[in-house]
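Secondary and tertiary structure notes
The chain contents come next:
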Amino acid sequence: MPVKHHIYLVPGFFGFINLGELIYFGHAYDYLKAELSRRGVDADVVIVLSHPTASIRTRTADLLKAVQETAGTGDGPIHLIGHSTGGLDSRLFVSPGAQLADGLELEPYAKRVRSVVTVSTPHAGTPLATFFMGLFGQRILKLLSLFTVYVLRFGRLPLRVVFRFGHVLARADDNLGWKPTLLDQLYDQLLGDFSSERRDAVAKFLSDVGNDTSLIPQLTPEGIDLFNASAVDRPGVRYGSVVTQARPPSLRTRMSAGLDPYAQLTHTIYAFMYGQTQRMPLTALPPHTPAQTAALVQAYGALPGPTACDGIVPTRSQVYGRVLSAVRADHLDAIGHFDQPAHQPPHVDWLISGSGFRRPQFESTWKSITNFLMEDEGR
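Since the model is a prediction, treat every value here as computed from it, not as a measurement.

Turning to the overall build of the protein chain, a few remarks are in order. Of regular secondary structure, the protein chain possesses 15 helices and six strands. In the protein chain, which comprises 379 residues, the share counted as buried stands at 56%. By sequence separation, contacts in the protein chain at least 24 residues apart represent 80% of the contacts at least 6 residues apart. Within the structure as shown, the protein chain displays about 15500 Å² of accessible surface, and the carbon and sulfur contribution to it stands at 54%.

Have a look at this one:
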């Protein structure tokens with residue numbers, strides 16, 4: 001008798017699933033459901049609700065709650081797919097002896113996990129987290145969170161907002177031209193475009209972002225070193241990773257973004273974050289196995305350098321277990337947030353990197369993930 005598989009999509013840093021029709025994993029969820037059905041696999045696919053910027057331990061407890069509510073008490077296999085920080089939550093979930101809050105027992109469910117897939121996950125940390133720990137970075141983070149929600153709802157930011165925010169980022173290195181009132185004004189302008197019901201939901205989400213940011217220091221290269229010392233692999237679980245590398249900001253990427261003023265100015269946001277992410281200490285990069293190195297060389301033509309990244313996470317920080325796919329993509333491309341409005345439902349991009357990632361690459365990436373999940377089933 002076929003067994004039911006339980007697959008969990010774990011969102012990353014300031015990930016959300018509870019803002020109406022705004023779905024963090026929408027395209028990935030639809031693809032997985034259709035592909036598993038095509039293969040005749042009996043599976044439930046669940047999108048996990050996580051605290052957006054809480055600690056890895058808290059977010060892992062969120063994952064446990066989702067599993068408890070949906071996986072039942074049987075022995076059906078469990079598979080975890082985590083994007084960005086969600087990959088770290090997934091690793092901690094299956095780590096033998098992991099301790100969450102009192103009364104939370106991981107082991108009955110952790111022992112049922114068959115595979116863990118991490119997508120664009122900072123296994124060795126990211127320097128961008130160090131930037132977000134500063135006062136200026138914290139305010140930028142809150143705005144970026146709102147930008148993500150806004151773009152997924154309306155398709156693009158108002159040009160008046162983009163121009164002003166682009167100016168803030170252009171002067172960020174020396175903090176000239178930045179005034180708290182300007183960022184507050186941008187924040188209020190964006191929230192004002194939502195309905196009162198949606199505004200309340202977004203405000204609650206952003207309150208969660210502001211009230212608990214304990215995740216941020218954990219994602220620095222120094223913070224993640226402690227995580228890696230305690231989160232060990234579980235015997236019998238297969239680990240795989242999807243690795244993303246975006247092109248460095250340049251005249252070429254600006255041209256590929258198009259002539260639209262919105263695209264050009266939002267590309268400035270990407271360029272700013274890329275510059276912060278490039279500051280990865282060489283000593284923090286993990287060694288790779290020969291198979292991992294070969295996969296990266298085959299995908300990119302050469303081993304990515306220490307400054308290579310997807311705009312959020314260094315590329316070589318993302319390697320863990322078997323490299324399932326290594327693609328030219330920014331940090332959000334691989335979960336379906338790229339520019340392809342003609343597709344139904346449309347793909348909407350806000351991190352305009354000029355990566356060139358489109359639906360064929362998306363389907364190829366998620367097919368490789370599905371193959372990995374079902375490897376033991378031969379499907």
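Moving on to unusual backbone geometry. Cis geometry is adopted by the peptide bond preceding Pro345, which originates at Gln344 and carries an omega value of -5°. By the element assignment, Pro345 lies in the loop between strand S6 (322-328) and helix H15 (359-373). A positive phi is found at Ser120, a non-glycine position, where the angle reads about 55°. Tracing the chain through its elements places Ser120 in the loop between strand S4 (113-119) and helix H5 (127-132).

Moving on: the pattern of salt bridges. This model, assessed by the stated rule, comprises nine salt bridges. The partner of Glu35 in a salt bridge is Arg39, and the shortest N-O contact between them spans 2.8 Å. As far as burial versus exposure is concerned, Glu35 and Arg39 are alike and both buried. Linking Asp376 and Arg238 is a salt bridge whose minimum nitrogen-to-oxygen distance equals 3.7 Å. One end of the pair, Asp376, is in the segment after H15; the other, Arg238, is in strand S5 (residues 238-245), and 138 residues separate them in sequence. Within the structure, one salt-bridge network assembled from shared partners comprises Lys4, Asp42 and Asp44.

The next thing to look at is the sheet that holds S5. As a general point, the strands of a sheet are linked pairwise by backbone hydrogen bonds and lie either parallel or antiparallel. Read across the sheet, six strands follow the order S2-S1-S3-S4-S5-S6 without closing on themselves; strand pairing throughout is parallel. Two strands in the sheet have a free side with no partner beyond their single neighbour: strand S2 (43-47) and S6. For this sheet, the mean inter-axis angle between neighbouring strands, taken without regard to orientation, is 15°. Where strand S1 (residues 5-10) lies against S2, five bridges are found, and the strand directions are parallel. The residue bridging Leu9 from the neighbouring strand is Ile47, located in S2. Against the sheet, helix H3 (residues 85-94) contacts S1, strand S3 (78-83), S4 and S5, and its axis sits at roughly 145° relative to S3. With respect to the sheet, helix H14 (residues 290-300) is in contact with S5 and S6, its orientation differing from that of S6 by roughly 25°.

In terms of residue burial, S4 counts as a mostly covered element, since six of its seven residues are buried. Strand direction decides the pairing type here: S3 and S4, joined by six bridges, are parallel. When the sheet's bridge partners are listed, Leu80 is paired in S4 with Val116. As judged from the five bridges shared by S4 and S5, these two strands associate in the parallel manner. Bridging across to S5, Val117 finds its partner in Gly240.

Summary statistics for the protein chain give a mean pLDDT of 82 and a share of 73% for residues scoring 70 or more. Scored below 50 in pLDDT, residues 16-21 makes 20 contacts in the model with residues more than four places away or belonging to other chains. Contacts for the low-pLDDT stretch residues 173-183, under 50 throughout, to residues beyond four places or in other chains number 16 contacts.

Here we come to the packing of aromatic side chains. Under the defined criterion, the tally for this structure stands at six aromatic pairs. With a centroid separation of 5.4 Å and an interplanar angle of 75°, the aromatic rings of Phe338 and Phe357 are classed as edge-to-face. With a gap of 19 residues between them, Phe338 in the loop between S6 and H15 and Phe357 in the loop between S6 and H15 connect regions that are remote in the sequence. The same class applies to Phe338 as to Phe357, namely buried. In textbook terms, an aromatic cluster arises when at least three aromatic residues are bridged by ring pairs, as seen for Tyr31, Phe338, Phe357, Phe362 and Trp366. One Lys or Arg, Arg238, reaches over the ring of Phe372 and ends 4.8 Å from the middle of that ring.

What follows deals with the packing of H3 against helix H11 (residues 221-230). Relative orientation of the contacting elements H3 and H11 amounts to 25°, with a least axis distance of 10 Å. One element, H3, and the other, H11, form an angle in the roughly parallel class. Our pair here, H3 against H11, has a crossing hand that is left-handed. On the side of H3, the interface is formed by Leu88, Arg91 and Leu92, while H11 contributes Ile224, Phe227 and Asn228. For the contact of H3 with H11, a count of residues per class yields four nonpolar, one polar and one charged.

Before going further, it helps to spend a moment on the side chain of His5. Tracing the backbone shows His5 in strand S1. We classify His5 as buried; its relative accessible area is 4%. Excluding anything up to four places from it in sequence, His5 contacts Val41, Asp42, Ala43, Asp44, Pro77, His79, Met374 and Glu377.

Looking now at H14. Side chains that are three or four residues apart share a direction in an α-helix, a result of its 3.6 residues per turn. Looking only at H14, the buried set comprises Gln292, Ala295, Leu296 and Tyr300. All buried residues of H14 lie within an arc of 105° about the axis, which places them on one face of the element. Facing away from the buried side of H14 by over 90 degrees, the exposed positions are Pro290, Ala291 and Gln298. Buried residues along H14 sit in contact with S5 and S6. Gly301 sits one or two positions beyond H14 and adopts a positive phi of about 90°.

The rules behind the values
Residues numbered from 1 in each chain as written. Predicted model: local features only at pLDDT ≥ 70, side-chain atom pairs only at ≥ 80, totals over all residues. Heavy atoms only, no water. Helix = DSSP H or I, 4+ residues; strand = E, 2+ residues; numbered from the N terminus. Buried < 20%, exposed > 50% of the residue type's maximum accessible area, 1.4 Å probe, protein only. Contact = heavy atoms within 4.5 Å. Areas by Shrake-Rupley, 256 points an atom, 1.4 Å probe, with all protein chains shown as cover. Salt bridge = Lys/Arg side-chain N within 4 Å of Asp/Glu carboxyl O. Pairing = 2+ DSSP bridges. Axes fitted to C-alpha atoms, helices over the stretch in contact; angles between N-to-C directions. pLDDT = per-residue confidence, 0-100. Phe/Tyr/Trp six-rings, centres within 6.5 Å; stacked < 30°, edge-to-face > 60°. Lys NZ or Arg CZ within 6 Å of the ring centre and 35° of its normal. Parallel < 35°, antiparallel > 145°, perpendicular 65-115°, else oblique. Left-handed = near helix turned anticlockwise from the far one by under 90°. Nonpolar A, V, L, I, M, F, W, Y, C, P; charged D, E, K, R; others polar. Arc of directions from axis to C-beta.

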